[in-house]
Amino acid sequence: MRPKIAAGNWKMNGTAASLTELHSLATGLPENPPQVVICPPSTLLFRATDATHGSPIQIGAQDCHTEGAGAYTGDISATMVADSGATHVILGHSERRDAHRETDADVQAKTCAAWAAGLTAIVCIGESEAQRDADQTLDVIGGQLDGSLPDAVDAENTVIAYEPIWAIGTGKVPSIAQIKEVHDFIRARLIKRFGAEIGNALPLLYGGSVKAANAVEIFAVENVDGALVGGASLKAEDFAPIVAALAQY
Ligand code: 13P
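A short tour of the structure in this document, coming up. Because the structure is a prediction, the values reported are computed rather than measured. (Residues numbered from 1 in each chain as written. Predicted model: local features only at pLDDT ≥ 70, side-chain atom pairs only at ≥ 80, totals over all residues. Heavy atoms only, no water.)

Looking at the pattern of salt bridges
Alright, step 1. This model, assessed by the stated rule, comprises 16 salt bridges.
Alright, step 2. Here D184 and K180 are joined by a salt bridge, their closest N and O atoms 2.5 Å apart. Note that D184 and K180 are positioned in helix α8 (residues 176–194) at a spacing of 4 residues, about one turn of the helix. (Salt bridge = Lys/Arg side-chain N within 4 Å of Asp/Glu carboxyl O. Helix = DSSP H or I, 4+ residues; strand = E, 2+ residues; numbered from the N terminus.)

Rendered as structure tokens:
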């Protein structure tokens, strides 16, 4: 049985006032909640772990450097993320691959750094609209998986998030058949490389315009083990129904 995970990526949103959303989310969790991981901006990491102390909500960062410390102005290390009490870190989000020119090799190195600090890496992959239109989706996804994941992947240290770039923040969601095709492909690729035990145990999240209104049908897809949610994770009233939908699977 793979864990079900509802992860929220706040991106560059949130100030101290947003911590009340974590309180609201914690008080509204369903009876048997899935794993819930909120990834606020790094300025809020320490306070977010304080605010969720004693609740099942876990906290993650949105990136980390490959090195543990050093002369890297503006960056934060996996060691610092772990020091905040966070347990996860999102790596290789398409917004970082694009705006910060992060390559698969960078993501792989960051994943190793995250593990060394005891963090679980949420490794993101996804095709652009042009790549989908050119029928390159599975090639792109396969290449990103091969390049971004270190050999020592296991079900405790890594979560994979499939986020088609064209579905992020657009309100456009792939069809259920498209989500199923990519998630089945990812599952098969993971089994081929890491073996059946690890390949079948790795959680696969879907991300891109997930809302309460579409969560139920997305979570019903066989190889979808949860979601990585952007906009709809900022407010507890929007995210709680997504968490509740996942709790039913
Ligand atoms: P949206 O849910 O806002 O489309 O963002 C998805 C995402 O990028 C999560 O990492």
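Here the narrative resumes, following the displayed structure.
Things to note about the nonpolar core
Alright, step 1. The biggest cluster of nonpolar side chains holds 59 residues, and the ones touching the most others in it are I38, I186, L190 and F239.
Alright, step 2. Here the element with the most residues in this core is helix α11 (residues 236–247); it accounts for 6 residues.
Alright, step 3. Membership of the second largest hydrophobic core comes to 11 residues, among which are V37, I90, A161 and L205. (Core = buried A, V, L, I, M, F, W, Y, C linked by side-chain atoms within 4.5 Å. Buried < 20%, exposed > 50% of the residue type's maximum accessible area, 1.4 Å probe, protein only.)

Focus on the environment of A7
Alright, step 1. Looking at the element boundaries, A7 is found in strand β1 (residues 5–9).
Alright, step 2. Those residues in contact with A7 that sit more than four places away from it in its chain are V37, L205, A227, L228, V229 and F239. (Contact = heavy atoms within 4.5 Å.)

Considerations on the pairing of strand β5 (residues 120–125)
Alright, step 1. Here β5 lies mainly inside the structure; 6 of its 6 residues are buried.
Alright, step 2. By the alternation rule, side chains of β5 split into T120, I122 and C124 and A121, V123 and I125, which are all buried.
Alright, step 3. Of the pairings in the sheet, the one linking strand β4 (residues 88–91) to β5 comprises 4 bridges and is parallel in character. From the neighbouring strand, I90 faces β5, where its bridge partner is I122.
Alright, step 4. Both β5 and strand β6 (residues 158–162) contribute to a ladder of 5 bridges, which runs parallel. From the neighbouring strand, I122 faces β6, where its bridge partner is V159. (Pairing = 2+ DSSP bridges.)

Things to note about α8
Alright, step 1. Given a rise of 1.5 Å per residue, 19 residues ought to cover 27 Å, and the 26 Å separating the end C-alpha atoms of α8 matches this to within 8%.
Alright, step 2. I179, V182, H183, I186, R187, L190 and F194 are the residues of α8 that are buried. Each buried residue of α8 lies within a common arc of 135 degrees when the element is viewed along its axis, so the set occupies one face. Of the residues in α8, the exposed ones pointing more than 90 degrees away from the buried face are A177 and K192.
Alright, step 3. One or two residues past the end of α8 sits G195, with phi positive at roughly 90 degrees. (Expected span 1.5 Å × (residues − 1). Arc of directions from axis to C-beta.)

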